[in-house]
Each structure stands twice: as C-alpha cells, then as structure tokens.
Amino acid sequence: MTTDLRAPTTSASPAKAGAILAIILVGYFMVLLDNSVIFTGLPSIRAGLGLSAAQLSWVQDSYVLVFGGLLLLAARAGDIVGRRRLFIVGLAIFGAASLLVGVAPSAWWMIAARALQGVGAAIVAPTSLALITTYFHGEARRRAVAWYAAAAGIGASAGLLIGGAVTEWLSWRAAFLINVPIAVAMMVAAHRILAETDRRTGRFDAVGAVVSTLGVGSLVYGVITSSETGWGSSRVVGSLTVGVLLLVLLAINESRADQPIMPLRLFASRERSGAYAVRFLYLGAMMGFFYFTTQLMQDALGFTPFQAGLGFLPMTAVNFAVALTIPRLARRYSTGTLLLAGTFVTLAGMAWLSRASLDDSYLLSVAAPMVLIGIGQGLAFAPMTGAGIARVSPDDAGAASGVVNTAHQLGSAMGLAVLVAISSGIGGLSTPDGVVAQVSAALSGSAVLLLVATVIVAVVIVPAQRNQPEGVVR
C-alpha cells in the first residue's frame, strides 16, 4: 500500500504519517485551547490576583498583541532555519510560558508570561500549517488540512468547555499548567519523528521582519485599545494610522527584497487573496459568537461557566462530524462550492441566534442555531484553509501559512472590537433583558460580516478556482 505523504528527506509509512499529523495537530490544538480557556478563567484570575479592570484586559491583550505582531516573522523564519527546529522552539516557549502563567504571583508577572505565550503561539500556529504542506500532498494533504481545520473549528468551543471545567473543579492555574507536560511530550515526539526541512540560504529580510512586526502589532494595539477609549481617541487613530503606513512600507519593501518575509506573489492568486479576506471576516464573526454567546448563557440564562462550556456542545459535535466528511465531499464538490455552502449556513445560524429571546428555551434559541453554525463551520474551515495555501511553492509554504494565521488573528481582534462597539450603546448588562439586547446587536453584526464573506466567496473565490488549472503553482 502506498501513501501520498512525502517527507522532506525520507518516505513515510501510513502509521508514521498518522504520527506526524498527530504531533502537528496536538501542538496547534494546545495553542487554540488557550485562546478560549482565558475567557472562562478571567473572573477567577481577577479574583485570585486582585487585578484591576485595565490589568485584566492586558492579560488577554498582551497575548493577542504579541501573537498577531510576530506571525509573519515567525512563519518566514521556519523557511530559513528549518520548520521542525522552529516548531520545537515554539513548543518550548509556549510550554515554559504556560508554567510561568500557572505560578504567576502578581499582575506584571501574569501579563509578561501571557506575552511570552504569544511568542510561542506565533511560532507554533503557522509552522503547524507549513509542516502539513511540507509532509502531505494531493489527497493526503486534503485529509490533513481537514483535520487541521477541524482542530481550528472546535478549539475555541472545546477551550470554553475544558477551561470552565478545570477552573470550576480545580483552579484557573491548572488550566494553564496542563500545557506543560503536553508541550514537553510533543517536543520529544517532534524531535524523534519529524525530519528537518530544507533551509533556504541568502539574506534574511530584516527590514520586512521589523516593519511587519511593528505594522501588524500597531493595528492589533489600536483595535484592542478601541474597546477602552473608543474608535475616535488619538491613541487608537494614531496606532491604526501607523499600522497602515507601516504595512504600505512593507508592501514596497517586499516588492524589492530578494527573499521577502511576505512575498507579494502570494496575493497574485485571486483564490488565495479571497481566502485571506474571507478568513478575516469569518473569524471576526466567530469571535463575536463565542464572546457574546458565553455572556448570553451565563448572564441572561444563568448558566455556570462549566454549563456554558457544555452549552457549546451542539455546535462542537456537529462541527467535528461535518469537518471529517470534507475529504469525501471534496471529491464531489469544488473547494469554492463547499466554502460557499459553509459561509451561507453559518450566516443562517448566526442570524437565527441573533434573535434569541428570554421567552424561548435554550434548545430553541441557542442550541438549534448552534447546530447550523456548527455545520457551516465544519464545511467552511478546511476549504478556507486550503484556499489560503493553494498552489504555493514549497519555498513560500511558511509565508502563506503566516498570512493565513495573520488574517485569522487580525480578523478575530478587529471583529470583536467592532462588535463590542456596536453592542456597547445597546441596553445594559445589569439585567437579563439588557444582556439579550446587547447580544442581539452584536450577533447581528456578526451576520453582516458573514454576509460579506459569502459574497466574496461567490464573486472572487469560486470564479478564480474555475479559471485556475489544477496543480499549477503560482
């Protein structure tokens, strides 16, 4: 029996292919869990460390800022120093930072450790996807991307469930400390099983590295600050302006660099460019979904943190089941068709959920629309990820993975900030009715983001795939 997996230096059996994929996915899933665990853990962290409101916000914001800012740099670094080596380094940093978070005695320690976690996450997330493009090809890659997308899709909701359970039954510290043995185990396994990828020679794009890190970091900082000071504040306007100017400078530099950190040829494909835009919008909508639906269940319906985590199970279970059918569906339908169906069904579920009312039961107002959202997410994530790395050359695999993850993080941060701004002037959090009003406004905004994403899929990605010969590398 043959396999469609091609290791960088040696062939691999199907069993080893499974082991390789497991290492990649467990490392990536560990990062995803922490993105959601923090939501259920924040109240306990605030009480345990005596944090102010500003300090509490920076527990999350320091992570997001560093994570988003370093993604492009970390992704391209794997192409240069070797992806296995960088993957292990990222796991080591993330595991060590998780230990520091778990034993944090004060606010400054906690915030600094969360920023260090962001460094590790910025390495692990894009390197995981780049390793899939390195080891897997053809049908094997479609299956691997489907599993990767399933991990991305259920990571957020699973994090809420695991975080709520561990925080409620043990402590918020335990929710972070469990990362340490996982990281160590994956480092050992990666060292033994993964082969090192080819390293590129030549000059490193130092200007691009600095400008991309500062540019994306400035955008993320402006977005997360907007929730505190408003979009019109000088700090927000200044940060966003600096971020845009730096990214323009980045584009100019990348057009001239010998080995650019973000090759502009990645955007020559309408399929990939459309996928980046769709991911930005889709993740903005979904981050709002998790953030506001958690409030709906806890502050309006009276759920405990653990019950709220269980409340996401209808979406999680359906999402996982649908995601695993993607390789089979992909043999009958194009990536664009599946992505179009996924964004549209997610839109339908989000519009339904935005009409949630205290007069309806959880099953009717929350669980039922979650099923649609789970189906849509299961259909959308793998095609969205596949389109973002479609037909890239091996030399650009890391850079393309970095752009995919940058769109993911920027979209999450920007979408949540916009939706918080939309909901802030509606109702009030002092009563269940006020919570429902805010959630309704925010999720209506999520539905609008999904509508725009659906239109982009229909008018950009689907036609681009029809006009692009299969297998052509661009």
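The text that follows walks through the structure, step by step, so that each part is easy to find. (Residues numbered from 1 in each chain as written. Predicted model: local features only at pLDDT ≥ 70, side-chain atom pairs only at ≥ 80, totals over all residues. Heavy atoms only, no water.)

In terms of regular secondary structure, the chain is built from 17 helices and 0 strands. Counting all 474 residues of the chain, 57% fall into the buried class. Here the contacts in the chain between residues at least 6 apart in sequence split such that 83% fall between residues at least 24 apart. Total accessible area on the chain is roughly 18,000 Å²; 67% of this is exposed by carbon and sulfur atoms. (Helix = DSSP H or I, 4+ residues; strand = E, 2+ residues; numbered from the N terminus. Buried < 20%, exposed > 50% of the residue type's maximum accessible area, 1.4 Å probe, protein only. Contact = heavy atoms within 4.5 Å. Areas by Shrake-Rupley, 256 points an atom, 1.4 Å probe, with all protein chains shown as cover.)

Our next topic: the nonpolar core. As a rule of thumb, nonpolar side chains are buried together in soluble globular proteins. One finds F136 and F289 to be the most contacted residues of the largest nonpolar core, which totals 113 residues. L49, M110, V166 and A175 belong to the second largest nonpolar core, which has 16 residues in total. (Core = buried A, V, L, I, M, F, W, Y, C linked by side-chain atoms within 4.5 Å.)

So, on to the environment of V392. Residue placement: V392 occurs in the loop between α15 (362-388) and α16 (397-424). A relative accessible area of 11% means that V392 is categorised as buried. Between the C-alpha atom of V392 and that of T133, which follows or precedes it by 259 residues, the distance is 9.1 Å.

Moving on to helix α7 (residues 179-193). Over its 15 residues, α7 runs 21 Å from end to end, which matches the ideal 21 Å to within 8%, given 1.5 Å per residue. Inspection of α7 places N179, A183, M186, A189 and A190 among the buried residues, and these make up the whole buried set. Around the axis of α7, the buried residues are gathered within 135° of arc, so they sit on the same side. The exposed set on the far side of α7, more than 90 degrees from its buried face, consists of P181, H191 and R192. (Expected span 1.5 Å × (residues − 1). Arc of directions from axis to C-beta.)

Turning to the packing of helix α12 (residues 313-323) against α15, a few remarks are in order. Relative to each other, α12 and α15 sit at 25°, their axes nearing to 7 Å. Comparing the axis directions of α12 and α15 gives the class roughly parallel. The chirality of how α12 crosses α15 is right-handed. Where α12 approaches α15, its residues P314, M315, V318, N319, V322 and A323 are matched on the opposing element by Y362, A367, M370, V371, I373, G374, I375, Q377, G378 and L379. (Axes fitted to C-alpha atoms, helices over the stretch in contact; angles between N-to-C directions. Parallel < 35°, antiparallel > 145°, perpendicular 65-115°, else oblique. Left-handed = near helix turned anticlockwise from the far one by under 90°.)

This paragraph deals with the packing of aromatic side chains. Enumeration according to the criterion identifies 9 aromatic pairs in this entry. Ring plane angle 85° and centroid distance 5.8 Å describe the contact between Y282 and F381, whose orientation is recorded as edge-to-face. With a gap of 99 residues between them, Y282 in helix α10 (residues 270-300) and F381 in helix α15 connect regions that are remote in the sequence. Given a relative accessible area of 2%, F381 falls into the buried group. An aromatic cluster is built from F289, F290 and F312, whose rings are joined through pairwise contacts. Looking at R114, its charged tip hangs above the ring of Y63, at a distance of 4.3 Å from the centre. (Phe/Tyr/Trp six-rings, centres within 6.5 Å; stacked < 30°, edge-to-face > 60°. Lys NZ or Arg CZ within 6 Å of the ring centre and 35° of its normal.)

Topologically, R272 is positioned in helix α10. One buried charged residue, R272, remains without a salt bridge, the closest side chain of opposite sign being E271 at 6.6 Å. Here R265 takes part through its backbone oxygen, which lies 3.3 Å from a polar atom of the side chain of R272. (Lys, Arg positive; Asp, Glu negative; His and termini not counted. Salt bridge = Lys/Arg side-chain N within 4 Å of Asp/Glu carboxyl O. Polar contact = N/O pair within 3.5 Å; in protein donor to acceptor, adjacent residues only side chain to side chain.)

Attention now goes to α15. Counted at 1.5 Å a residue, the expected span for α15 with its 27 residues is 39 Å, and the 36 Å between its end C-alpha atoms agrees. Roughly 25° is the biggest bend found in α15, and it falls at A380, with proline P383 one to four residues downstream. Most of α15 sits out of view: 19 of its 27 residues are buried. (Bend = angle between axes of the 7 residues up to and from the residue.)

Attention now goes to a nonpolar patch on the surface. Together, L99, L100, V103, L116 and L177 give the surface a local cluster of nonpolar side chains, amounting to about 350 Å² of exposed area. Along the polypeptide, L177 turns up in helix α6 (residues 172-177). (Patch = residues over 30% accessible without salt bridge, like charges linked within 9 Å, V, L, I, M, F, W, Y side chains within 5 Å.)

Closest axis-to-axis distance for the helix α3 (residues 83-102)/α7 pair is 8 Å, and the angle between their directions is 165°. It follows that α3 is roughly antiparallel to α7 by the angle criterion. Where α3 crosses over α7, the two elements pack in a sense that is left-handed. The residues of α7 that touch α3, namely those facing R84, F87, I88, L91, A92, F94, G95, S98 and L99, are N179, V180, A183, M186, M187, A190 and H191. In the contact of α3 with α7, the residues fall into 11 nonpolar, 4 polar and 1 charged. (Nonpolar A, V, L, I, M, F, W, Y, C, P; charged D, E, K, R; others polar.)

Right, let's get into the environment of Q117. Mapped onto the secondary structure, Q117 falls in helix α4 (residues 107-135). In this structure Q117 comes out as buried when scored by relative accessible area, which is 0%. As a C-alpha pair, Q117 and F94 span 23 residues in sequence and 5.0 Å in three-dimensional space. Other than its neighbours up to four places away in sequence, Q117 contacts D34, Y63, F94, A97, S98, V101, F176 and N179.

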